[in-house]
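# Observations on the model geometry
Residue-level listing of the chains:
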Amino acid sequence: MKLFIDTANIEEIKEASTWGYIKGVTTNPSLIAKEGSSQKEIIEQIVKLIDGPISAEVTAEDYPHMMEQAHELYQIDPKHIVIKLPMTKDGLRASAELKKENIPTNVTLCFSANQALLAFEAGARYVSPFLGRLDDISDDSIKLIEEIVQIKRNYGYTTEIICASIRNPDHVKKCALAGGDIATVPYKVLSSLLSHPLTDRGLDSFRIDAEKTAKLTEK
Ligand code: E4P
């Protein structure tokens, strides 16, 4: 399962770009709003940092304006930009139309298997089911990922499933077990994936033993 970073914070993306395992970035209007610059300025910086798909979301709610924004965003960097569209009638229409122009899309705010099916049929390159927000209303988010994966396999759809609204490391593991293609993960959760107390303890004992060996060699 590929890992994307879910943020619009340039410092976080800069650091994540050095880790060797972050393959893309997802942003949304709320993440952009936290950063205090325009979407265009932020996306222009992100595309220089990560050589992979960068999702930039339209804010218009009607089809003509969505298409206008989609073309503007895509022009920032046609090699990397993916147009993020809402799971609405206009969003799906835009996805189907942009597919004809070979512009990749990510249909977001997916909360049901039927919604994912519509995104598959509308030619989306990616669909983003949200885990955390479903858990918040006591729904079973992992079951949703399993259902979407099953539908994708039944018909051989090529749309990639981006598991989104990830809140903890357990979400990441369960999405990987369920067969999600990608998890887009906030910086804090990504950092915690690496940590394990036994790794730290093992490193400490290896360091102590290596120092002993070095002293013996010095003699
Ligand atoms: C991803 O594409 C979404 O923008 C993001 O994961 C939403 O996460 P949240 O529910 O924590 O806001």
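In short, a report on the structure.

Each value, and the rule that gives it
- Residues numbered from 1 in each chain as written.
- Predicted model: local features only at pLDDT ≥ 70, side-chain atom pairs only at ≥ 80, totals over all residues.
- Heavy atoms only, no water.
- Near = heavy atom within 4 Å.
- Polar contact = N/O pair within 3.5 Å; in protein donor to acceptor, adjacent residues only side chain to side chain.
- Areas by Shrake-Rupley, 256 points an atom, 1.4 Å probe, with all protein chains shown as cover.
- Nonpolar A, V, L, I, M, F, W, Y, C, P; charged D, E, K, R; others polar.
- Helix = DSSP H or I, 4+ residues; strand = E, 2+ residues; numbered from the N terminus.
- Buried < 20%, exposed > 50% of the residue type's maximum accessible area, 1.4 Å probe, protein only.
- Phe/Tyr/Trp six-rings, centres within 6.5 Å; stacked < 30°, edge-to-face > 60°.
- Lys NZ or Arg CZ within 6 Å of the ring centre and 35° of its normal.

### Here we look at the site of the ligand
In the vicinity of the ligand, the contacting residues are Asp6, Thr26, Asn28, Lys84, Phe130, Arg133, Ala164, Ser165, Arg167 and Thr184. Between serine 165 and the ligand, the recorded distance is 2.6 Å, taken from a side-chain N or O atom to an oxygen atom. Contacts to the ligand include arginine 167, whose side-chain N or O atom sits 3.4 Å from an oxygen atom. When isolated, the ligand has an accessible area of 340 Å², and the protein chains bury 85% of it. When its residues are assigned to classes, the shell around the ligand shows two nonpolar, four polar and four charged.

### A few points about unusual backbone geometry
Here the phi dihedral of asparagine 102 falls at roughly 60 degrees; this positive angle occurs in a residue that is not glycine. Mapped onto the secondary structure, asparagine 102 falls in the loop between α5 (89–100) and β5 (105–110). Asparagine 102 gets classed as exposed once you look at its relative accessible area, which sits at 64%.

### A closer look at the packing of aromatic side chains
Applying the stated criterion to the full structure yields six aromatic pairs. On the numbers, 6.5 Å between centres and 70 degrees between planes, the contact of phenylalanine 4 with tyrosine 126 is edge-to-face. Note that phenylalanine 4 is positioned in strand β1 (residues 2–6) and tyrosine 126 in strand β6 (residues 126–129), a separation of 122 residues in sequence. Ring geometry for tyrosine 155 versus tyrosine 157: centroids 6.1 Å apart, planes at 50 degrees, classification tilted. Exposure remark for tyrosine 155: the relative accessible area of 61% places this residue in the exposed category. Taken together, the ring pairs in this structure connect Trp19, Tyr21 and Tyr187 into an aromatic cluster. When the ring centre of tyrosine 63 is taken as reference, the NZ or CZ atom of arginine 93 above it lies at 3.6 Å.

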